[in-house]
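Structure assessment
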Amino acid sequence: MAHFMNRLDFYTRVPLTGAMTEMIVKIMVEMISTLALVTKQIKQKRTSEYVAMCIPLV
Amino acid sequence: MGDQSQSSRFRALFDSALQDYQSQTCTTLSSHPLAKKLQDCDSVESVTAVLQEQARTVSDFRGGEGRIMNSLKTVVSVLYTLSENSDLGEAVWLVRRKASRCSKRLILYSQPFPPANAIFAAFAILLAVWSFFIPTCTS
């Protein structure tokens, strides 16, 4: 994510070409996908921790 | 014509990313309350304030408000600057949103939903999910 941001930060300081616009769009799409994956994994991990806590092994 | 087809392609990419987000997280990004809250923000500071609100619990738990917020401020500043750039074309930023069911009918309509806002909302939701589950970690 930090690499994506470094690239985007560079693009804020120069005039955009078509290829750069395409790269920005692709980076932003990847960021949405990455955030989806992390959110899903946190939900799953925390939910399984919660279930394990609520239903102790007999 | 070339610009138009490029814009359509970009919109398709964003639509696909939003659908992917929905299928992975069971959350509709564009209609989430945090996305609506972020849509009213008109500056880097106001967006950062919404994220800071969500980050507070996480920061309290991890004891590193500065580190989390510094990273988020960079993200917000860069994305906000890019979304303000007219070179990117307004058409790129239009993403279809679905209205909620009304009188047994699903009304579809288009409304501006900038990708930058989608990313801010995704960050805010991530922080909200993270902080919601923190009490279970500590016990």
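Residues numbered from 1 in each chain as written. Chains lettered and ligands numbered in written order. Predicted model: local features only at pLDDT ≥ 70, side-chain atom pairs only at ≥ 80, totals over all residues.

Points about the overall build of chain B
Scanning chain B for helices and strands turns up 5 helices and 2 strands. Counting helices and strands in the order they occur from the N terminus, chain B gives α-α-α-α-β-β-α. When burial is assessed residue by residue, chain B has 32% of its 139 residues classed as buried. Excluding contacts between residues fewer than 6 apart, the proportion of contacts in chain B whose partners are at least 24 apart in sequence is 68%. (Helix = DSSP H or I, 4+ residues; strand = E, 2+ residues; numbered from the N terminus. Buried ≥ 20, exposed ≤ 12 C-beta atoms within 10 Å, placed from the backbone. Contact = placed C-beta atoms within 7 Å.)

Focus on the overall build of chain A
Looking only at helices and strands, chain A features 2 helices and 0 strands. Its C-alpha radius of gyration of 19 Å places chain A more than 25% over the 10 Å reference for a compact globule of 58 residues. Counting every position in chain A, which comprises 58 residues, the buried fraction comes to 21%. (Rg over C-alpha atoms; globule rule 2.2 N^0.38 Å.)

Re the environment of Ala 55 of chain B
All names here are of chain B. With respect to the helices, strands and loops of the structure, Ala 55 is situated in helix 3 (residues 44-62). Considering only alpha carbons, one finds Ala 55 and Ser 131, 76 residues apart in sequence, at a separation of 7.6 Å. Apart from the residues lying within four places of it in its own chain, the contact partners of Ala 55 are Ile 68, Met 69, Leu 72 and Leu 127.

Topic: the interface of chain B and chain A
Facing the 30 residues of chain B at the interface are 26 residues of chain A. Counting only elements with at least two residues in the side of chain B that touches chain A, the list comes to helix 1 (2-25), helix 4 (65-84) and helix 5 (115-138) of chain B. Ranked by the residues each element gives to the side of chain B that touches chain A, the list is headed by helix 5 of chain B, at 11 residues. The residue inventory of the side of chain B that touches chain A, partitioned by class, reads 21 nonpolar, 7 polar and 2 charged. (Nonpolar A, V, L, I, M, F, W, Y, C, P; charged D, E, K, R; others polar.)

Remarks on the nonpolar core
The biggest cluster of nonpolar side chains holds 44 residues, and the ones touching the most others in it are Ile 32 of chain A together with Ala 122, Phe 123 and Ala 124 of chain B. Within the residue set of this core, elements represented by two or more residues are helix 1 (2-11) and helix 2 (18-54) of chain A together with helix 1, helix 2 (33-39), helix 3, helix 4 and helix 5 of chain B. A per-element tally of this core places helix 5 of chain B first, with 13 residues. Ala 122 of chain B has contacts with Ile 32 and Leu 35 of chain A together with Tyr 21 and Leu 29 of chain B, leaving out every residue within four places of it along the chain. (Core = buried A, V, L, I, M, F, W, Y, C linked by C-beta atoms within 7 Å.)

Points about unusual backbone geometry
Even without a glycine there, the phi angle at Cys 26 of chain B is positive, about 60°. Of note, Cys 26 of chain B is situated in the loop between helix 1 and helix 2.

Points about the confidence of the model for chain B
Residues and elements named next belong to chain B. For chain B, the average pLDDT comes to 76, and 65% of its residues sit at 70 or higher. Looking at the elements of chain B, mean pLDDT is at its lowest for strand 1 (residues 94-102), recorded as 51, and at its highest for helix 2, recorded as 89. Here the complex is predicted with pTM 0.77, and the ipTM for its interfaces comes to 0.77. (pLDDT = per-residue confidence, 0-100.)

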